[in-house]
Amino acid sequence: MNGKATTTRTRLDRGRNALGPALELVHTGRAPTRAVLTAELGVTRATAGAVAAELEALGLIRVDSNPGAAAGSQGRPSHRLAVDEKGPVALAAQVHADGFRAALVGLGGTIVATAPGCVTVSADPAQVLGAVVDAGAALLRESGRRCVGAGLAAPSAVAEPEGTALNPLHLAWPAGAPVREIFAERVRAAGIEGPAFTGNDVNLAALAEHRHGAGRGARDLLCVATGHRGVGGALVLDGRLHTGSSGLALEVGHLTVNPEGRPCHCGSRGCLDVETDPLAFLTAAGRVPGPEVSLLQQSRDLLRTSPDDPGVRVAVGELIDRLGLGLAGLVNILNPDRIILGGLHRELLDADPERLRAVVADRSLWGRSGGVPILPCTLDHNSLVGAAELAWQPVLDDPLAALGREPA
């Protein structure tokens, strides 16, 4: 080994523990240049260069070989950093009341390929998870990419450490179905490399939005969303999901917002779950849901095509008031510094943002003076992206160990 190579190796040895943090900075868009990476890691420029070179050798990032200074900037130009668009991917899977979807997701939360599945979900979780894994395996074969692992977004609280679907209320699955075990078995049977993980869909949506979307920079992020059926919530604290002692935290769908309201699957009445989801919206608007497309899509179509329809306006007002009541209670308890809304709730926010913010402020202990920002989620398929984040996490923690590679 020549002197230059020895020096580079010494620098990398000093920065070995920085590989994971460096990759996460690039992955989340917080280190667009080598100069920013150097500052964020608190290492020398030479060490940051060696770390970036190692990540590039692993096929995870690209380092611009012809750095250029931005217009109007001063000082020495810095090498630009980006994730490698042709690098490895994670297999992401999502199951919901209206079907399932598989996707390949690269670093940076970029969806490389996606394959929607069936529009009905079997009562047998093994059959459904086998089908979604098969769809993902087909995507992998077509792409020719290396897979680092797989993640599943489930429409249920996922109890820890067992990995069971505690209450898949909107599916016909049995309570306590061992979804993590089944998913992992199907992944192995399909010959897909890497570990397999499972999490709640809204938890994973919040994680994705915190790293790549509307939640970036928030310290205490509250996410509330209604997708195809029901309502879920999630809390990200200092960059980490708060899931409680056994994975069941933030089941916000069962907050009561209308005591005389609709019966809920949980046995109570007037829960957020049944008062602010797509079925509640269509019913309040005087529409009979059809079987052609999902309830979520029907609701979105109605909001887009008939925003001034009297029934639609009444429905928007009713759901915003009930959603605002639930959010205000959560603000009083959790004191988040940002709220993001997904699914139909995002459309409700867009339809009348001032009304929703006013309801939350009026019902909050802090009032308008301490109003928390309420923003729409910005990522398409954020639960899928979040499922991929689970699979990417071992690589972000220790790239060399996760990829089974020795230093270049």
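Residues numbered from 1 in each chain as written. Predicted model: local features only at pLDDT ≥ 70, side-chain atom pairs only at ≥ 80, totals over all residues. Heavy atoms only, no water.

Attention shifts here to the pattern of salt bridges. Under the counting rule described, the total for this entry stands at 15 salt bridges. Here Arg186 and Glu185 are joined by a salt bridge, their closest N and O atoms 3.9 Å apart. Judged by relative accessible area, Arg186 falls into the partly exposed class, the value being 29%. The residue Glu354 makes a salt bridge to Arg357 at a minimum N-O spacing of 3.9 Å. Here Glu354 and its partner Arg357 are both found in helix 13 (residues 353-363), three residues apart, which amounts to about one turn of the helix. Connected through salt bridges with shared partners, the residues Arg262, Glu275 and Arg322 form a single ionic network. (Salt bridge = Lys/Arg side-chain N within 4 Å of Asp/Glu carboxyl O. Buried < 20%, exposed > 50% of the residue type's maximum accessible area, 1.4 Å probe, protein only. Helix = DSSP H or I, 4+ residues; strand = E, 2+ residues; numbered from the N terminus.)

With that out of the way, let us pick up the sheet that holds strand 3 (residues 89-96). Strand order in this open sheet of five strands is 5-4-3-6-9, and the pairing throughout is mixed. The sheet is open, and its two borders are formed by strand 5 (111-116) and strand 9 (196-200), each paired with just one other strand. Each strand of the sheet is rotated relative to its neighbour by a mean of 20 degrees, with strand direction disregarded. Pairing between strand 4 (residues 99-105) and strand 5: five bridges, direction antiparallel. For Arg101, the partnering residue across the bridge sits in strand 5 and is Pro116. Packed onto the sheet, helix 7 (residues 201-212) meets strand 3, strand 6 (147-154) and strand 9 and runs at close to 100 degrees relative to strand 9. Packed on one face of the sheet, helix 14 (residues 382-397) meets strand 3, strand 4, strand 5, strand 6 and strand 9 and runs near 140 degrees to strand 3. (Pairing = 2+ DSSP bridges. Axes fitted to C-alpha atoms, helices over the stretch in contact; angles between N-to-C directions. Contact = heavy atoms within 4.5 Å.)

This part covers the pairing of strand 11 (residues 232-237). By the criterion of burial, strand 11 is predominantly enclosed, with five of the six residues buried. In this structure, strand 10 (residues 220-226) lies alongside strand 11, joined through six bridges in antiparallel fashion. Bridge pairing in strand 11 places Leu222 opposite Leu235. Note: strand 11 against strand 12 (residues 240-241), two bridges, orientation antiparallel. By the bridge assignment, Val236 is partnered in strand 12 with Leu241. Where strand 11 hands over to strand 12, the hairpin turn is made up of two residues, of which Asp238 adopts a positive phi near 50 degrees.

Each assigned domain of the protein chain is listed here: domain 1 (19-83), domain 2 (89-203 + 382-396) and domain 3 (217-376). On a C-alpha basis, the centroid separation for the pair domain 2 and domain 3 is 25 Å. If you look at the interface, domain 2 gives 14 residues, while domain 3 gives 19 residues. Roughly 1400 Å² of surface becomes buried between domain 2 and domain 3 when both sides are summed, with 60% attributable to carbon and sulfur atoms. When the buried area of domain 2 at its contact with domain 3 is split by residue, His170, Val202 and Asn203 rank highest and sum to 43% of it. The interface formed by domain 2 and domain 3 contains one residue pair in polar contact (both at pLDDT 80 or more). Elements that contribute at least two residues to the side of domain 2 that touches domain 3 include exactly strand 7 (158-159) and helix 7. (Domains from an automatic or database assignment. Buried area = accessible area lost by both parts, 1.4 Å probe. Polar contact = N/O pair within 3.5 Å; in protein donor to acceptor, adjacent residues only side chain to side chain.)

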